[in-house]
Protein chains: 2
Amino acid sequence: MRLVVADCSALYTGRLTAMLPPATRLLVVKADGSVLIHSDGGSYKPLNWMSPPCTLAVREPSEEAAERGVTQVWTVQHAKSDDRLEVELFTVHHESAHDLGIDPGLVKDGVEAHLQELLAEQIALLGDGHTLVRREYPTAIGPVDILARDGSGSTVAVEIKRRGDIDGVEQLTRYLDLLNRDPMLAPVRGVYAAQEIKPQARVLAHDRGIATLLLDYETMRGADDPTTRLF
Amino acid sequence: MRLVVADCSALYTGRLTAMLPPATRLLVVKADGSVLIHSDGGSYKPLNWMSPPCTLAVREPSEEAAERGVTQVWTVQHAKSDDRLEVELFTVHHESAHDLGIDPGLVKDGVEAHLQELLAEQIALLGDGHTLVRREYPTAIGPVDILARDGSGSTVAVEIKRRGDIDGVEQLTRYLDLLNRDPMLAPVRGVYAAQEIKPQARVLAHDRGIATLLLDYETMRGADDPTTRLF
DNA sequence: TGATGGATTTCGACG
DNA sequence: CGTCGAAGTCCATCA
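On a predicted model such as this, the values are computed, not experimentally measured, just so you know. (Residues numbered from 1 in each chain as written. Chains lettered and ligands numbered in written order. Predicted model: local features only at pLDDT ≥ 70, side-chain atom pairs only at ≥ 80, totals over all residues. Heavy atoms only, no water.)

## Regarding the overall build of chain A
Broken down by element type, chain A carries five helices and 13 strands. Taking 231 residues into account, the globule formula puts the C-alpha radius of gyration at 17 Å, and chain A, at 26 Å, lies well above it. Projected onto its principal axes, the C-alpha coordinates of chain A cover approximately 80 × 40 × 30 Å. Per-residue burial over chain A gives 48% buried out of 231 residues. Excluding contacts between residues fewer than 6 apart, the proportion of contacts in chain A whose partners are at least 24 apart in sequence is 49%. As displayed, chain A has an accessible area near 11,100 Å², and 53% of this comes from carbon and sulfur atoms. (Helix = DSSP H or I, 4+ residues; strand = E, 2+ residues; numbered from the N terminus. Rg over C-alpha atoms; globule rule 2.2 N^0.38 Å. Buried < 20%, exposed > 50% of the residue type's maximum accessible area, 1.4 Å probe, protein only. Contact = heavy atoms within 4.5 Å. Areas by Shrake-Rupley, 256 points an atom, 1.4 Å probe, with all protein chains shown as cover.)

In structure tokens form, the structure reads like this:
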């Protein structure tokens, strides 16, 4: 990995065109040739970048560019598309290279898949007497997150989201349309379960006879068997 | 901005729980206190990070940690939530600090808004005889990207996407349902225009009587007035 | 290898 | 300040 702090300007052309006026920035060149241009603010997203696979070529500035104070020109060309990033470097304030080796990677716990696990374990959150039929119940248009039966034996389809937006309601509606055509299952009720449900999504869901269920991850995690946790 | 290259491990707890085993990585501390942990590969996204507003506290390791070789512990606490990032540093290979100043920011050209402008200018792409009614035609559930009339005077509603996914078809369907209730406009045809249309979206659109139109940005940009371009 | 859907999404616009 | 939709989205999973 190469780190360069320099005054620079940049031009990206590809899926869009984006220009970066001259300023002092951090340039990171990773082992795979990818380049990140970071400012001293914002979030984790660089101002500009090139994703691998790509190649970096460093060359001398043209005479015209040299007169503007440019000392190096970086051309980063994507290997499989016309995406290209051109960086003009003026003063270089810092430069260093480091051997990092390969990274063992990240271990995650607590994403939507985990919410689904927990709700399947704690299916009574849907109401007393509910039993799990199965997770990822397959249909022609994709799997339903959870299929269950309520106390009276009728079918319940559950769509789980971390953030309950309107598109999740659309998705569940499509599943319900399909499931209700199956005489073995019909009538099927819908439940939209999420850690957070947007007002518009709630309104649309209730409008379509779909119940909403707010999931409390901390509580659910607390109630689950701690031996199944990753760490 | 502070740059540190060090052997480190990290633990993030907040919206999820994520663990990073020990390895050599780049740590970036931005002026606003935010922290990025980058490996020497992947994309522009860090392995782990903390977004501003947050505060970084550096402290000595506990006795137990010191015995494991830990030399520093960084605790990055989000200001408004319980999100927290804990980094244990072992050997530090590099450390430097740089004053970057504020960044003038990025200038973009060629996003969805631009596609909409170009299609409005070149409305005949919908077919001979089409005329523009207006862009961002307001409805109760949000603005329709483009409203036009075809050669015979009947109304056409256009939804524009860069990438034509299934949700765009759903969106246009909702608009059409609504617009078709207006006797002044009905019957309204739908056109789904995008630089790329996913097969499922195409099938669903045609199933609902919605036409699809593939947009070629380069050609459209070539046909437009070059003086209106940003650069 | 391409399609699909989630994401610690981030980011910008608008009400 | 929330809400909503786009993004050079990235990314893993699955067919």
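## Concerning the UniProt feature "domain: Endonuclease NucS N-terminal PH-like" (unreviewed entry) in chain A
Cross-referencing UniProt, the feature "domain: Endonuclease NucS N-terminal PH-like" (unreviewed entry) maps to residues 2–104 of chain A in the present numbering. End C-alpha atoms of residues 2–104 of chain A are separated by 20 Å, and the span's content is 5% helix alongside 57% strand. (UniProt positions renumbered as here; feature names shortened; annotations may be inferred.)

## Focus: the protein's contact with DNA strand D
Close to DNA strand D lie 17 residues; A:Asn48, A:Trp49, B:Ser43, B:Lys161 and B:Arg162 are nearest. Close to the protein, within 4 Å, the atoms of DNA strand D are drawn from sugar and phosphate at a rate of 76%. Contact between DNA strand D and B:Lys108: a phosphate oxygen at 3.1 Å from a side-chain N or O atom of the residue. Contributions of two or more residues to the surface near DNA strand D are made by β4 (48–50) and α4 (199–207) of chain A together with β11 (155–164) of chain B. Among the elements that line the surface near DNA strand D, the one with the most residues is β4(A), at three residues. When its residues are assigned to classes, the surface near DNA strand D shows seven nonpolar, four polar and six charged. (Near = heavy atom within 4 Å. Polar contact = N/O pair within 3.5 Å; in protein donor to acceptor, adjacent residues only side chain to side chain. Nonpolar A, V, L, I, M, F, W, Y, C, P; charged D, E, K, R; others polar.)

## Some details on the protein's contact with DNA strand C
Neighbouring residues of DNA strand C: 17 residues in total, closest A:Ser43, A:Lys161, A:Arg162, B:Asn48 and B:Gln200. Here the atoms of DNA strand C within 4 Å of the protein split so that 78% fall in sugar or phosphate, with bases taking the remainder. Within the side chain of A:Lys108, one N or O atom sits 3.2 Å away from a phosphate oxygen of DNA strand C. Those elements giving two or more residues to the surface near DNA strand C turn out to be β11 (155–164) of chain A together with β4 (48–50) of chain B. Grouping the constituent residues of the surface near DNA strand C by class yields five nonpolar, four polar and eight charged.

## A look at the sheet that holds β11(A)
Residues and elements named next belong to chain A. With respect to topology, five strands assemble into an open sheet ordered β9-β10-β11-β12-β13, the strand pairing being mixed. With one partner strand each, in any of the chains shown, β9 (131–137) and β13 (211–214) form the two edges of the open sheet. Across the sheet, the mean angle separating the axes of adjacent strands is 30° when strand polarity is ignored. The pairing of strand β10 (residues 144–149) with β11 spans four bridges and is antiparallel. Within β11, the residue paired with Ile146 across the bridge is Val158. (Pairing = 2+ DSSP bridges. Axes fitted to C-alpha atoms, helices over the stretch in contact; angles between N-to-C directions.)

## A short note on the interface of chain A and chain B
Contact residues are listed per partner, giving 55 residues for chain A and 55 residues for chain B. A per-residue breakdown of the area chain A buries against chain B is headed by A:Asp40, A:Tyr44 and A:Leu100, which together make up 16% of the total. Here chain A and chain B share four salt bridges between them. Linking B:Glu170 and A:Arg174 is a salt bridge whose minimum nitrogen-to-oxygen distance equals 2.7 Å. (Buried area = accessible area lost by both parts, 1.4 Å probe. Salt bridge = Lys/Arg side-chain N within 4 Å of Asp/Glu carboxyl O.)

## Here's the deal with the relation of the copies chain A and chain B
Once chain A has been moved 0.1 Å along the axis and rotated by 180°, it coincides with chain B to within an RMSD of 0.2 Å. Interpreted geometrically, this transformation is the action of a two-fold axis. The C-alpha atom lying nearest the rotation axis in chain A is that of A:Lys45; the distance is 3.3 Å. When you check the interface residues of chain A against chain B, 98% turn up at the interface there too, and the contact is symmetric in its surfaces. (Least-squares fit on C-alpha atoms with pLDDT ≥ 70 in both.)

## Digging into helix α3 (residues 166–179) of chain B
In an α-helix, one full turn covers 3.6 residues, which means residues spaced three or four apart are oriented alike. With 14 residues, α3(B) extends 20 Å from end C-alpha to end C-alpha; this agrees with the ideal 20 Å at 1.5 Å per step. Within α3(B) the residues assigned to the buried category are B:Gly168, B:Val169, B:Glu170, B:Leu172, B:Thr173, B:Tyr175, B:Leu176 and B:Leu179. On its buried face, α3(B) is in contact with α3 (166–179) of chain A together with β9 (131–137), β10 (144–149), β11, β12 (188–197) and α4 (199–207) of chain B. (Expected span 1.5 Å × (residues − 1).)

## Quick look at the pattern of salt bridges
Residue and element names in this part refer to chain A. Overall, the coordinates contain 26 salt bridges over all chains when judged by the stated rule. With a closest N to O distance of 2.6 Å, Glu64 and Arg68 form a salt bridge. Residue Arg68 is classed as partly exposed on the basis of its relative accessible area, which comes to 42%. Shared partners join several salt bridges into a network, and the residues in it are Arg59, Arg84 and Glu86.

## Notes on the packing of α3(A) against α4(A)
Residues and elements named next belong to chain A. Relative to each other, α3 and α4 sit at 25°, their axes nearing to 8 Å. By the angle class used here, α3 and α4 are roughly parallel. Along the contact surface, α3 presents Ile166, Val169 and Glu170, while α4 presents Gln200, Ala201, Leu204 and Ala205. Across the contact of α3 with α4, the residue classes tally to five nonpolar, one polar and one charged. (Parallel < 35°, antiparallel > 145°, perpendicular 65-115°, else oblique.)

## Considerations on unusual backbone geometry
All names here are of chain A. A cis amide bond links Ala186 with the next residue in sequence, Pro187, at an omega value of -5°. Inspection of the secondary structure assignment puts Pro187 in the loop between α3 and β12 (188–197). Of note in the backbone geometry, Glu136 takes a positive phi value of approximately 55° without being a glycine. Take Glu136: it is sitting in strand β9.

## A few points about the confidence of the model for chain A
Should the pLDDT be low somewhere, the predicted coordinates at that spot are not to be read in detail. Model confidence for chain A is summarised by a mean pLDDT of 89, while 96% of its residues fall at 70 or above. Confidence scores differ between elements of chain A, with helix α5 (residues 217–223) of chain A showing the lowest mean pLDDT of 78 and strand β7 (residues 84–97) of chain A the highest of 97. (pLDDT = per-residue confidence, 0-100.)

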